[in-house]
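# Tertiary structure, described
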Amino acid sequence: MIAFPLGAATTPAELAGDPHPRLAELRAHEPVSWLPALNGWLVTRRDLALDVMRDAETFTVDDPRFSTARIVGPSMLSLDGDEHTRHREPFTAPFRPRAVRDGFAEFIERETDRLVTGLEAAGAAELRRAFAGPLAVAVVTEALGLVDAGTDTVLAWYDAIVRSVSDLTEGRPEGPAGPEAYAQLRRAVEATVAQGADSSLLTSAAGRLALTEVASNAAVLMFGGIETTEAMITNALLHLLRHPDQLTLVQADFALLDNAIEESLRLEPGAAVVDRYATRDLTLGPAAIRRGDLVTVSLTGANRDPAVFPDPDRFDVRRPNARLQLAFAHGPHYCLAAHLARLETRIALRHLLDRLPALRLDPDHPAAPHGLVFRKPPTLHVLWG
């Protein structure tokens, strides 16, 4: 008899395509399930997901199998305890709420205006690559203060690193592109620090971390900042355009926009899962977990837990508890740049909805989120005017 039959029948293709029906089954019947396809446990119930993410002593990221660390080395993303604090602390100040508003709002407004102005006359665009991606890359480039690295270069590095991390996570061998992109990023970090650019976050961090540590954390910030924000903007726009009644509510009252973004994050977090490794034998829900086991938290599954979110598959811009979503994870590894990602998404959506009249999905190019680890539509074709 198979102890976890639903988990045994779950495939990576199913989780990458439309995972929500399967995650609902798992959450109801096997909230901690063994998935042979992932060679690990999958946690789908929100309370259990919180237990895992809050307890870094029992569920650690500090394991040689952690995919991001295999590409960029140890960083705040792949360390716990005092070492995690040491790596994270030099980067925290610019990402606090007031510092984000003071330091980035004007730049984001200007960059968003430039991108939308370039699109307005066309009447049609693929907004993931023509708008959301370039905006996210521009803001990350500005935040890091890299010298001699334009947005196209940073985007190429990011694409290669994300591809390598995804390949490792999904059990495929990594190619040379990811490590080579990281080597180029590391050289750019070293050049930035060598020039002593006062405005660069990397220069200030270099006073407290070794250069290799600054580079690995720069890669994580670049990776997270671009991936999170590109997905947030693209997924939120898709949700609003798929639900004209909800879009009408937002357009009638832009005070609802922030909650619409939280609701979109709940329904489709850009990062679908986070990985941890058990440091001891324990029982979690129905599962007897062994030391060393992979324990993957499905943020996607936790975010649709009906015990917390009634009618969880419905997009409701007035949902009163949408901010309880876990798209930015939880605990010590809560996303450092969450406030920045929210600000970017708010400004981006406001400009798009204000300036592109009758904005709508292009019926000739259907869009749907896709991805096992990172979820967003591969393309988002829209029309306006």
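The following refers to the structure shown.

Cut-offs applied
Residues numbered from 1 in each chain as written. Predicted model: local features only at pLDDT ≥ 70, side-chain atom pairs only at ≥ 80, totals over all residues. Heavy atoms only, no water. Salt bridge = Lys/Arg side-chain N within 4 Å of Asp/Glu carboxyl O. Helix = DSSP H or I, 4+ residues; strand = E, 2+ residues; numbered from the N terminus. Buried < 20%, exposed > 50% of the residue type's maximum accessible area, 1.4 Å probe, protein only. Expected span 1.5 Å × (residues − 1). Contact = heavy atoms within 4.5 Å. Axes fitted to C-alpha atoms, helices over the stretch in contact; angles between N-to-C directions. Parallel < 35°, antiparallel > 145°, perpendicular 65-115°, else oblique. Left-handed = near helix turned anticlockwise from the far one by under 90°. Nonpolar A, V, L, I, M, F, W, Y, C, P; charged D, E, K, R; others polar. 1 Å grid on protein atoms, 1.4 Å probe; cavity = no way out; pocket = protein on both sides within 12 Å on 5 of 7 lines; lining within 4 Å. Points joined across faces, edges and corners; volume = space filled by probe spheres on them. Phe/Tyr/Trp six-rings, centres within 6.5 Å; stacked < 30°, edge-to-face > 60°. Core = buried A, V, L, I, M, F, W, Y, C linked by side-chain atoms within 4.5 Å. Pairing = 2+ DSSP bridges.

### Thoughts on the pattern of salt bridges
With the rule as written, the count across this model stands at 28 salt bridges. Between Arg 22 and Glu 25 there is a salt bridge; the shortest N-O distance is 3.7 Å. With a gap of three residues between them, Arg 22 and Glu 25 both fall in helix H3 (residues 20-29), about one helical turn apart. When its relative accessible area of 36% is taken as the criterion, Glu 25 is described as partly exposed. The closest approach of N and O atoms between Arg 355 and Asp 113, which form a salt bridge, is 2.7 Å. Here Arg 355 is found in helix H16 (residues 338-355), whereas its partner Asp 113 is found in helix H7 (residues 97-119), with 242 residues between them in sequence. The exposure class assigned to Arg 355 is partly exposed, which follows from its relative accessible area of 22%. With relative accessibility at 35%, the residue Asp 113 sits in the partly exposed group.

### Some points on helix H10 (residues 177-195)
With 19 residues, H10 extends 27 Å from end C-alpha to end C-alpha; this agrees with the ideal 27 Å at 1.5 Å per step. Looking only at H10, the buried set comprises Gly 178, Ala 181, Tyr 182, Ala 183, Leu 185, Ala 188, Val 189, Thr 192 and Val 193. In the core, the buried residues of H10 are packed alongside helix H5 (67-72), helix H9 (151-169), helix H11 (201-205) and helix H12 (211-242). In the stretch just after H10, Gly 196 is the one whose phi turns positive, near 65°.

### Concerning the packing of H9 against H10
The interhelical angle for the contact between H9 and H10, taken along N-to-C directions, is 135°, at an axis separation of 8 Å. The orientation of H9 relative to H10 falls into the category oblique. As for the relative orientation of H9 and H10, their crossing is left-handed in sense. Only Ala 177, Gly 178, Pro 179, Ala 181, Tyr 182, Gln 184, Leu 185 and Ala 188 of H10 make contact with H9, whose side of the interface consists of Trp 157, Ala 160, Ile 161 and Ser 164. Residue composition of the contact of H9 with H10, by class: nine nonpolar, three polar and no charged.

### As for empty space enclosed by the protein
Scanning all chains against the criterion turns up three cavities of 30 Å³ or more. Its boundaries defined by the atoms lining it, the largest cavity holds a volume of some 790 Å³. In terms of lining residues, the largest cavity is bounded by 40 residues, among which Leu 77, Phe 223, Gly 224, Thr 228 and Ala 271 are the most central. Contributing elements (two or more residues each) for the lining of the largest cavity: H5, helix H8 (127-144), H9, H12 and strand S5 (273-278). Element by element, the count of residues in the lining of the largest cavity is highest for H12, at eight residues. As a volume, the second largest cavity reaches approximately 90 Å³. Lining the second largest cavity we find Leu 15, Pro 19, Leu 23, Leu 42, Ala 272, Val 273, Ser 298, Thr 300, Gly 371, Leu 372 and Arg 375. Of the residues contributing to the lining of the second largest cavity, the split by class is seven nonpolar, three polar and one charged.

### Some details on the packing of aromatic side chains
Summed over the entire model, instances satisfying the criterion amount to five aromatic pairs. A ring pair is formed by Phe 4 and Trp 41, whose centres lie 5.3 Å apart and whose planes are at 85°; its orientation type is edge-to-face. Of this pair, Phe 4 sits in the segment before helix H1 (5-8) while Trp 41 sits in strand S2 (residues 40-43), and the two are 37 residues apart along the sequence. In this structure Phe 4 comes out as buried when scored by relative accessible area, which is 14%. Residue classification places Trp 41 among the buried residues on the basis of a relative accessible area of 6%.

### Let's talk about the nonpolar core
Core analysis: the largest hydrophobic core is formed by 100 residues, its most contacted members being Phe 131, Leu 146 and Met 222. For this core, the element with the most residues is H12, which contributes 16 residues. Core analysis: the next-biggest nonpolar cluster, separate from the first, contains 22 residues, Leu 48, Ala 49, Val 274 and Val 297 among them.

### A word on the side chain of His 239
In this structure, His 239 sits in helix H12. Setting aside residues up to four positions removed in sequence, His 239 forms contacts with Ser 264, Leu 267, Glu 268 and Phe 315.

### Comments concerning the pairing of S2
Within a regular strand, the side chains alternate between the two sheet faces. Pairing between strand S1 (residues 32-35) and S2: four bridges, direction antiparallel. Within S2, the position partnered with Ser 33 by the bridge is Leu 42. With antiparallel pairing between neighbouring strands as the criterion, S1 and S2 make up a hairpin whose turn holds four residues, including Asn 39 at a positive phi of roughly 55°.

### Observations concerning unusual backbone geometry
Even without a glycine there, the phi angle at Asn 39 is positive, about 55°. Relative to the elements of secondary structure, Asn 39 occurs in the loop between S1 and S2. Overall, Asn 39 belongs to the exposed group, its relative accessible area being 55%. In this structure, Ala 329 takes a positive phi of about 70° despite not being glycine. In this structure, Ala 329 sits in the loop between helix H15 (299-302) and H16. Ala 329 sits in the buried class, given a relative accessible area of 8%.

### Considering the environment of Ile 289
The residue Ile 289 is located in strand S7 (residues 287-289) in this model. Sequence separation between Ile 289 and Pro 134 is 155 residues; the distance between their C-alpha atoms is 42 Å. Setting aside anything within four residues of it in sequence, one finds Ile 289 in contact with Val 32, Trp 41, Ala 278, Arg 280, Asp 281, Leu 282, Leu 284 and Val 295.

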